[in-house]
Amino acid sequence: MNYAIALDYQNCINCQACEVACKEENGVQLGAKKQRIWVGMVEGTIFGKPYANIYPSQCNHCIDAPCVTVCPTNASHYQPGGIVKVNSKQCILCKSCMEACPYDARFVDDTRVTIDKCTFCDHRIVEEGTTACQATCPTKVRTFGDLDDPTSDIVKLLQTRRFFFQKEYTGTLPKLFYLLPEDDAYARQSVSAGTNIYTWKDIEPLYQQANTRRSKEWRR
Amino acid sequence: METINFAGVDINKVSLKRLLLSKTMLSAYVLVAIALVGVYDLFHLRYFSGAVSAHDAGLNPADPGMIAAMKQAVFGTVGEIDRTQPWTVLIANYMYMVYTGSGVIFLVALAEFMNFRIVGKAAAGFMVAGISMIFAGMFTIATDLHLLNMHYMLLTPNFNAGIWLMLPLYCTYIPFVLFEIYLLLTNKREMARRMALPILILALGIDLIEYYIQAKLFSMNTARHLWTEFPALTFYFIISAFVAGLGVMGVYTYLVHRKKPEYHSLMDLIRKAMLTFVFLLGLYEIIGYMTVDKDWAYLILLGPFSYVYFLGYILLTLALPFLFIVKPGKPIWTVIASLLILVGSYIGRYLFVYGGNANPMSNRFGTGYESYSIYSKAESFIYNSPHLGEILIVIGSVGVAMIIYKLLNALFSVGKLREHH
C-alpha cells in the first residue's frame, strides 16, 4: 500500500469545506493557523491583469520525510501505506520536525501539547475508503487512493493527466500530485516556469522503487 | 583560607553565609527569580492556555470557558508557537550559551596543547566559566521542551537525529570537562601529569564532535537554506564560538586577574587570538553569503534584517573589535572589544536562528508566497518578536551561569592562577 492524493486544483472554489471537515473529523484544535489542511492563495498580476491561484494543501506524506529523520524520539513515524504520523505521547516538542518540513504542514496542538498534522484520516480508510476532505469536497478536487493498486481511482486519474509536485527539489518524494489544469491560461499562471511536469509513466518506477525501499519501515 | 582535602582537591572551608549570600550570589538569585517568572509565563501558555479542539466545541458548546476559548481562537492567537517560526530566542540563547561556553573550553584545550603556559595557569577559571555557560544553555533549552515526555529520548531513540545526539553528547561532554577541571585542580600531580596528554587529545576530539553534531542539527532541516547552504557549518560554528569565547575570556580576565602580574601578558595573548579569529570570521561571513540561497541572503543582507546584520552583528562582532585590537595597546581596548563581541555574537546567534525561518515556506509552487486563507495576507518575510516569558528566561539564564561559577569558585578557588601540571 502506498497512499497518496491527487489534487485537481483547477476545480477548487475555495469553499474551505475540506478544512471544516478535517477539523470535525479529527477534532483538530480551533484557530486560524491550527490547520491540518488548508486552501492557500497566491495573488498577483500578469501585465496588469490580476489573478488568484488557489492551492488546496496539506502534509505531503513524503516517502523520504525529513520530519521523520529529525525526530529524536521517533514520535514522527511511518504507518502502513506510507502515512506519516505523530505519536503525541512521545513528542518532546523540540519542533525539529516543524523546521524540517518544507511545506509548513505541522503545528503545535496546544490542547494536547504535541505536534499535529494530517494523518490521511487513517482511522477511516478501511471503513470509508477515503479521507474526510475528499468526501466533503463539492467539486471533487481530491482523489485519495493507493498508488500500488493499478485499478484505484488515483492511478487511473494519474494515467490520464499530467501533474507536478510542490518543492520537488527538496528530494523528499512528496505524495500530493497536483494535476496540471486543463485550462491553458490557468495552467500558465499557477505553475512556475521551472516546475517539472510529469506523466504517470515517468514517475511510476521512481515511486515504486522508493516504496520497495521504505516498505519495511512502513510495516513496522 | 582553611581547606579540606578530598580526592586530591583542596576544598575551601567556607561558611554557608559566604557561600550562598555573597553580593554576586544575591544578584544571581534576582536573575534566576526573573527566569522563574518567565518559566511560569511560558508554562502557563503551554499547558494551561485556553485552547479547544473541534470535538470539545461540539461536546460542550455552551460552556463559558469554551466560549472564551473559541473567541480567542477566532479573534486572537492561541498557544506558544507560531507554525511559521518554530524555533525562537530560546534556541538562540541556547546556541549562544552552549557554543560560547564550549568555545572557551575548546580554546583552553588548544592553548594547552600548543603549550601557552599562561593560559594553563588560568585554565581552571576559564573552564569553569565555560561549563557554567553550558549549564545556562541547558537550562534555557529545558524550558523550551515538553519535559514530561523526555524519557522517550531513552525509550524510543532515533540515533540519527541531531537533537537525539545531544543526549549522549552532553552526557559525555559535561562529565569529561568536569574531569578536566578536576585534573587542573588536583594535588595528585603525578596522575594529572600522566593523564594530561591523552585527556587533552580526547578533549580536542570531543570538542570537534560537539560542533559537528550542532551543525548536523541545523543542516538536517533541508528546507531552511540559510542553515543548509552556509559552507562548512561545523567550522563556522567553531570559528564564531572562538570569537565569542575570546570575548568571555577577555571580560573574565579583566574581572578576575586584572590586579595580577600576569594580566598584561594574558590580555595580549587574548588580543592576538581575537584578532586572528575575528579576521577568519570576517572571511567566513563574506564567502558564506555568496553561497547561501538568494532568498535568504537577500533578506539578511539587503532586506529587513540588514540593519541588524550590519549595525548589530558585523559592526559589534567584527569591525569595531578589529579596530580596537589591531594595534597592540593598553589591555582596556581588548576588554572593550570583548564586551562588544559578547553583544555582537548574541545578535549573530539571534540572526542565525530567526534568519533560518525568515523566508517563508509558503512559496510552495514557485508562483509567489501563499496566504493560508482568504482572511490572511501572504507573508514574504517571517519575524515574530519573542514574548515576555522567553525574554525573562534569557535574562535569567545569566543568573544560572553566575550561580554555578560562583559556587565552584567559592569552594575550589578556580579563579586562582595555578602552576600547570
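Residues numbered from 1 in each chain as written. Chains lettered and ligands numbered in written order. Predicted model: local features only at pLDDT ≥ 70, side-chain atom pairs only at ≥ 80, totals over all residues.

K.L.:
Residues and numbers for the overall build of chain B, please.
P.N.:
Counting its regular elements, chain B contains 16 helices and 2 strands. Taken against the 2.2 N^0.38 rule, which gives 22 Å for 421 residues, the C-alpha radius of gyration of chain B at 24 Å falls within 12% of a compact globule. Counting across all 421 residues of chain B, residues that qualify as buried make up 44%. Within chain B, contacts between residues separated by at least 24 positions form 78% of all contacts whose residues are at least 6 apart in sequence. (Helix = DSSP H or I, 4+ residues; strand = E, 2+ residues; numbered from the N terminus. Rg over C-alpha atoms; globule rule 2.2 N^0.38 Å. Buried ≥ 20, exposed ≤ 12 C-beta atoms within 10 Å, placed from the backbone. Contact = placed C-beta atoms within 7 Å.)

K.L.:
So what's going on with the overall build of chain A? Residues and values would help.
P.N.:
Tallying secondary structure elements over chain A gives 8 helices and 10 strands in all. When the 220 residues of chain A are sorted by exposure, 50% land in the buried category. Taking contacts inside chain A between residues at least 6 apart in sequence as the whole, the part at least 24 apart equals 61%.

K.L.:
Which residues make up the domain arrangement of chain B, and what are the values?
P.N.:
Interfaces are often described in size by the accessible area the parts lose on coming together. Here chain B is partitioned into domain 1 (3-48 + 86-412) and domain 2 (49-80). Taken over C-alpha atoms, the centre of domain 1 of chain B sits 40 Å from the centre of domain 2 of chain B. (Domains from an automatic or database assignment.)

K.L.:
So what's going on with the packing of helix α5 (residues 89-113) of chain B against helix α6 (residues 117-144) of chain B? Which residues, and what values?
P.N.:
Residues and elements named next belong to chain B. α6 packs onto α5 with a crossing angle of 160° between their chain directions and a minimal axis gap of 8 Å. The angle between the axes of α5 and α6 places the two elements in the roughly antiparallel class. Both α5 and α6 take part in a crossing whose hand is left-handed. A breakdown of the residues in the contact of α5 with α6 according to their chemical character gives 19 nonpolar, 9 polar and 2 charged. (Axes fitted to C-alpha atoms, helices over the stretch in contact; angles between N-to-C directions. Parallel < 35°, antiparallel > 145°, perpendicular 65-115°, else oblique. Left-handed = near helix turned anticlockwise from the far one by under 90°. Nonpolar A, V, L, I, M, F, W, Y, C, P; charged D, E, K, R; others polar.)

K.L.:
Give a detailed account of the pairing of strand β1 (residues 3-7) of chain A, specifying residues and quantitative values.
P.N.:
All names here are of chain A. Within β1, 5 of the 5 residues are buried, leaving the element largely enclosed by the surrounding structure. Residue alternation in β1 divides its side chains into two sets, Tyr3, Ile5 and Leu7 and Ala4 and Ala6, and both sets are buried. Sheet topology note: the β1/strand β8 (residues 142-146) ladder contains 5 bridges and is antiparallel. Pairing of Tyr3 across the sheet is with Asp146, part of β8. One ladder, built from 3 bridges, connects β1 with strand β10 (residues 176-179); its direction is parallel. Counted as the bridge partner of Ile5 is Leu176 from β10. (Pairing = 2+ DSSP bridges.)

K.L.:
I'd like a description of the nonpolar core, backed by residues and values.
P.N.:
Core analysis: the largest hydrophobic core is formed by 176 residues, its most contacted members being Val108 and Met127 of chain B. The element best represented in this core is α5 of chain B, accounting for 17 residues. With residues near it in sequence (within four places) discarded, Val108 of chain B still touches Val119, Ala123, Phe126 and Met127 of chain B. Formed by 6 residues, the second largest nonpolar core is a distinct cluster that contains Leu30 of chain A together with Ala51, Ala69 and Val78 of chain B. (Core = buried A, V, L, I, M, F, W, Y, C linked by C-beta atoms within 7 Å.)

K.L.:
Kindly report on the environment of Ile209 of chain B, identifying the contributing residues and their values.
P.N.:
Tracing the backbone shows Ile209 of chain B in helix α9 (residues 189-219). When the C-alpha positions of Ile209 of chain B and Tyr173 of chain B are compared, they lie 9.9 Å apart, and in sequence the two are 36 residues distant.

K.L.:
Provide a residue-level description of the interface of chain B and chain A, including the pertinent values.
P.N.:
Residue-level contacts link 52 residues of chain B with 56 residues of chain A. Of all the secondary structure elements, the ones that give two or more residues to the side of chain B that touches chain A are α2 (23-47), α3 (54-59), α4 (64-75), α7 (152-155) and α8 (162-185) of chain B.

K.L.:
So what's going on with α8 of chain B? Residues and values would help.
P.N.:
All names here are of chain B. With 24 residues, α8 extends 34 Å between its outermost C-alpha atoms, agreeing within 8% with the 34 Å of an ideal straight helix rising 1.5 Å per residue. Most pronounced at Leu169, the bend in α8 amounts to some 30°. Those residues of α8 that fall on the buried side of the exposure criterion are Gly162, Ile163, Trp164, Leu165, Met166, Tyr173, Val177, Glu180, Ile181, Leu183, Leu184 and Leu185. (Expected span 1.5 Å × (residues − 1). Bend = angle between axes of the 7 residues up to and from the residue.)

K.L.:
Tell me what's going on with the sheet that holds strand β9 (residues 163-164) of chain A, and back it up with residues and numbers.
P.N.:
Residue and element names in this part refer to chain A. Reading across the sheet, the 4 strands line up as β8-β1-β10-β9 and stay open at both edges, with mixed pairing between neighbours. With one partner strand each, in any of the chains shown, β8 and β9 form the two edges of the open sheet. Along the sheet, helix α6 (residues 153-160) makes contact with β1, β8, β9 and β10, crossing β8 at roughly 115°.

K.L.:
Hey, could you go over the pairing of strand β2 (residues 37-46) of chain A for me, with residue numbers and the actual values?
P.N.:
Residues and elements named next belong to chain A. Relative to strand β3 (residues 49-58), β2 runs antiparallel, the two sharing 10 bridges. Residue pairing in the sheet places Gly40 in a bridge with Tyr55 of β3. Counting the residues between successive antiparallel strands, the hairpin from β2 to β3 contains 2 residues, one of them, Phe47, with a positive phi of roughly 50°.

K.L.:
Give me the lowdown on helix α16 (residues 388-412) of chain B, citing residues and values where you can.
P.N.:
Residue and element names in this part refer to chain B. The end-to-end C-alpha distance of α16 is 37 Å, a good match for the 36 Å that 25 residues give at a rise of 1.5 Å each. The element α16 is largely enclosed, with a buried count of 19 among its 25 residues. Downstream of α16 by a residue or two, Ser413 has a phi angle that is positive, lying close to 45°.

K.L.:
Let's hear about the packing of helix α14 (residues 306-325) of chain B against helix α15 (residues 331-358) of chain B: which residues, and what values?
P.N.:
Working note: a packed helix pair is described by the angle between its axes plus the distance between those axes. All names here are of chain B. Running from N to C, α14 and α15 point in directions that differ by 155°, and their axes come no closer than 8 Å. In terms of orientation, α14 and α15 fall into the roughly antiparallel class. When you trace α14 past α15, the crossing you get is left-handed. In this structure, α14 uses Val308, Tyr309, Gly312, Tyr313, Leu316, Thr317, Leu320, Pro321, Phe324 and Ile325 to contact α15, whose residues at the interface are Trp333, Thr334, Ile336, Ala337, Leu340, Ile341, Val343, Gly344, Ser345, Ile347, Gly348 and Leu351. Residue classes in the contact of α14 with α15 are distributed as 16 nonpolar, 6 polar and no charged.

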